[in-house]
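Chain by chain, the residues:
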Amino acid sequence: MIKYKAVRGTRDIFGELANKFEFLEKAAKQVFKSFGFEEMRTPIFETGEIFTRSLGENSDIVSKEMYLFKDKGDRLLSLRPEGTAPVVRACVENNLLQSGIDKKFFYIGQMFRYDRPQAGRYRQFHQIGAEFFGAKNPFIDSEIISVAMKIIEKINVKETKLFINSVGCNNCRTKYSEILSEYLHKNSDILCETCVERKNKNILRIFDCKIENCKNLLKNAPKILDFVCDDCKKDFELLQKYLTVQKIEFEVDKSLVRGLDYYTGMVFEIKTTKLGSQDAIAAGGRYDNLVREFSGEDIPAVGFAIGEDRIAELLEERNFCDKKSVFFVTTDANKNAEQILANYDIIQMLREKNFSVFYNGESKSIKSQMRTANHLQAELVIFIEENGSFSIKNMTSGEQKIVTKEEFLKEFFVES
Ligand code: HAM
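A brief report on the enclosed structure follows. This is a predicted model, so every value here is computed, not measured. Along every chain, residues carry numbers that run from 1 in the direction the sequence is written. With pLDDT at 70 or above as the cut-off, local features in this predicted model cover only qualifying residues; side-chain atom pairs require 80 or more to be listed or tallied, and sums for whole chains, interfaces and linings still use all residues. Derived side-chain values reflect all non-hydrogen atoms in the structure, with water molecules and hydrogen atoms excluded from consideration.

With that out of the way, let us pick up the overall build of the protein chain. Labels follow the DSSP assignment, with helices taken as runs of H or I lasting at least four residues and strands as runs of E lasting at least two, numbered in each case from the N terminus. If you tally the helices and strands in the protein chain, you get 15 helices and 16 strands. For 416 residues, the compact-globule formula gives about 22 Å, and the C-alpha radius of gyration of the protein chain, at 27 Å, lies well above that figure. In the protein chain, 70% of the contacts between residues at least 6 apart in sequence involve partners at least 24 apart. To measure how exposed things are, a 1.4 Å probe is used in the Shrake-Rupley method; for residues, cover is taken only from the protein chains shown. If you sum the accessible surface of the protein chain, you get close to 22100 Å²; carbon and sulfur atoms cover 48% of it. The charge count includes Lys and Arg as positive and Asp and Glu as negative, but it does not include His or the ends of the chains. One atom stands in for each charge, and that atom is NZ of Lys, CZ of Arg, CG of Asp or CD of Glu. If you average the places of the 62 positive and of the 63 negative side-chain charges in the protein chain, the two averages end up 2 Å apart. Two things to know: the radius of gyration comes from C-alpha atoms, and the globule rule equals 2.2 Å times the number of residues to the power 0.38. Any pair of residues with heavy atoms lying within 4.5 Å of one another is described as a contacting pair.

Another point: the packing of helix H13 (residues 344-352) against helix H15 (residues 405-413). When two helices pack together, their arrangement is given by the angle between the helix axes and the distance between those axes. Interaxial angle, 0 to 180 degrees, is taken between N-to-C directions of lines fitted to C-alpha atoms, where a helix line uses only the stretch in contact. Between H13 and H15, the shortest axis-to-axis distance is 11 Å and the interhelical angle comes to 10 degrees. As judged from the angle between their axes, H13 and H15 are roughly parallel. Taken together, the residues of H15 that come into contact with H13 (itself represented by Asp-345, Ile-346, Met-349 and Leu-350) are Lys-405, Phe-408, Leu-409, Phe-412 and Phe-413. Just so you know how the angles are binned, under 35 degrees is roughly parallel, over 145 roughly antiparallel, 65 to 115 roughly perpendicular, and the rest oblique.

A word on the site of the ligand. What surrounds the ligand is a group of 26 residues, the closest being Glu-82, Tyr-122, Glu-131, Tyr-263 and Ala-280. Ile-281 has a polar backbone atom sitting 3.5 Å from an oxygen atom of the ligand. Definition of a polar contact: a pair of N or O atoms within 3.5 Å, with one able to donate and the other able to accept a hydrogen when the atoms are protein atoms, and with sequence-neighbouring residues admitted only if both atoms are side-chain atoms. Contact distances for the ligand include 3.3 Å between a nitrogen atom and a backbone N or O atom of Phe-304. Relative to its free-state accessible area of 660 Å², the ligand is covered by the protein chains to the extent of 95%. Counting residues per element, the shell around the ligand draws most heavily on strand E10 (residues 280-286), at six residues. Note on definitions. A residue lies near a molecule or strand when any single heavy atom of the residue is within 4 Å of it.

Despite not being glycine, Arg-258 shows a phi value in the positive range, around 70 degrees. Looking at where Arg-258 falls in the secondary structure, it is placed in the loop between strand E8 (251-252) and strand E9 (266-272). Classification of residues uses two cut-offs on accessible area relative to the type maximum, computed with a 1.4 Å probe and protein chains only: under 20% is buried, over 50% is exposed, and between them is partly exposed. A relative accessible area of 13% places Arg-258 in the buried class. You will see that Gln-377, though not glycine, has its phi angle at about 55 degrees, which is positive. Inspection of the secondary structure puts Gln-377 in the loop between helix H14 (366-375) and strand E14 (380-384).

This paragraph deals with the side chain of Ser-166. In this fold, Ser-166 is placed in strand E7 (residues 160-166). The exposure class assigned to Ser-166 is buried, which follows from its relative accessible area of 2%. In terms of polar contacts, Ser-166 uses its side chain to reach the backbone amide nitrogen of Gly-168, at 3.2 Å. The contact partners of Ser-166, leaving out residues within four places of it in the chain, are Ile-224, Leu-225, Val-228, Phe-236, Gly-265 and Met-266.

Spatially, eight strands are ordered E1-E5-E6-E11-E10-E9-E7-E8 in an open sheet, and the strand pairing comes out mixed. The open sheet has two free edges, formed respectively by strand E1 (38-39) and E8, since each of these has just one partner strand. Between any two strands, pairing holds if DSSP finds at least two bridges. In terms of strand pairing, E7 meets E9 through seven bridges, oriented antiparallel. By the bridge assignment for E9, Leu-162 is matched with Ile-270. Set on the sheet, helix H1 (residues 15-34) makes contact with E1, strand E5 (103-112), strand E6 (124-133) and strand E11 (301-307); between it and E6 the angle comes to about 5 degrees. Lying on the sheet, helix H4 (residues 84-93) is in contact with E5 and E6; it crosses E6 at an angle near 45 degrees.

A separate point is the sheet that holds E14. What the five strands build is an open sheet, ordered E13-E12-E14-E15-E16; its pairing is mixed. The open sheet has two edge strands, strand E13 (355-359) and strand E16 (400-403), and neither has a second partner. Averaged over all pairs of adjacent strands, the angle between their axes in this sheet comes to 25 degrees, without regard to strand direction. H13 rests against strand E12 (324-330), E13 and strand E15 (390-394) of the sheet, and its axis sits at about 145 degrees to E13.

This is the structure we're talking about:
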């Protein structure tokens, strides 16, 4: 009988899935390093206010999905629902940003949102994210998109599509809000209750609505991209030009507004056709006002986050473990420890060479040890013979050969 289960919306990650996560994180780190990003690790919980202020009181995350709690000191804390606000908080607190100097950070970690769990949507999930501070220009926007695309390319995930849009600057949004409000006003009887509220509090959020009537109404609604100011328009055109030069395919999606309030200008989403309704595998955009809100300093920024759990689903089935595994079989049932210890030098050397080395902790029959080796999918099984030699069995080809210790050392440790 199982007494305890993982909490709804959370899961244990082990075996092939853990290998996939490792593979993904390693590939992402290589790409980040090649673009000059440094790692940032922020706490898993933060003062609740940093999210309320930056993501927006009326965003779905803040209004419905935050894991908010009071600690014993009566502080209102939140498990982080995303990584951008914490990175900005960390940069400001540790004085890492200076006007005119570019700074780039990446992060990998768990995020928490109290949303309805379904395939590809968890309450504890994992993001790989990046934030670029200092430069405000469409070339950097294109580069941030290129970093996300490079990671996806490196892990060989195909059938993805990049969608871009501009949500304009504050001026564009004020003007556009009035235009959208007027359009909706004429059709307000069709809107759902939440959208009526959104219309009054944060009108752009209406585009996040999943209800059919609202979605239909919005199909013909005026779109922000058609009302952005000349500067925002020019930036967006340049972004498209730079993406084209970099041979990054994209589609402009005028309805893409993103669910968080901090965005200004360019926003993007990378979707897959392979995952059903939870099809966004990465998303991001420019957020030029957030640092100012946290510190008063005017430092523009742009970033993205990849959903690790969703990407892991897309990885083709193959062996993601890049370690070679070796199982030592002791052949004298009464001398298990002695045989292992007599060859401990070799075992250590193999481990230093990045082999995963296994053996039984207790004396077992050869048959039983082979069963374990098979279970572990060891690539090589090494029988420790009584005369000090080894019999090496390649578990893939079935080939087996007997070698002396000297021959063994030569084969494994002398560089050819
Ligand atoms: P986001 O769109 O909320 O953006 O999340 C980014 C990605 O995280 C999504 O595209 C999705 O793949 C994944 N994700 C989100 N929620 C879940 C969930 N419940 N379960 C599984 N995966 C999920 C952000 O978080 C922004 N901070 C991105 C950003 C960085 N913008 C600028 N800098």
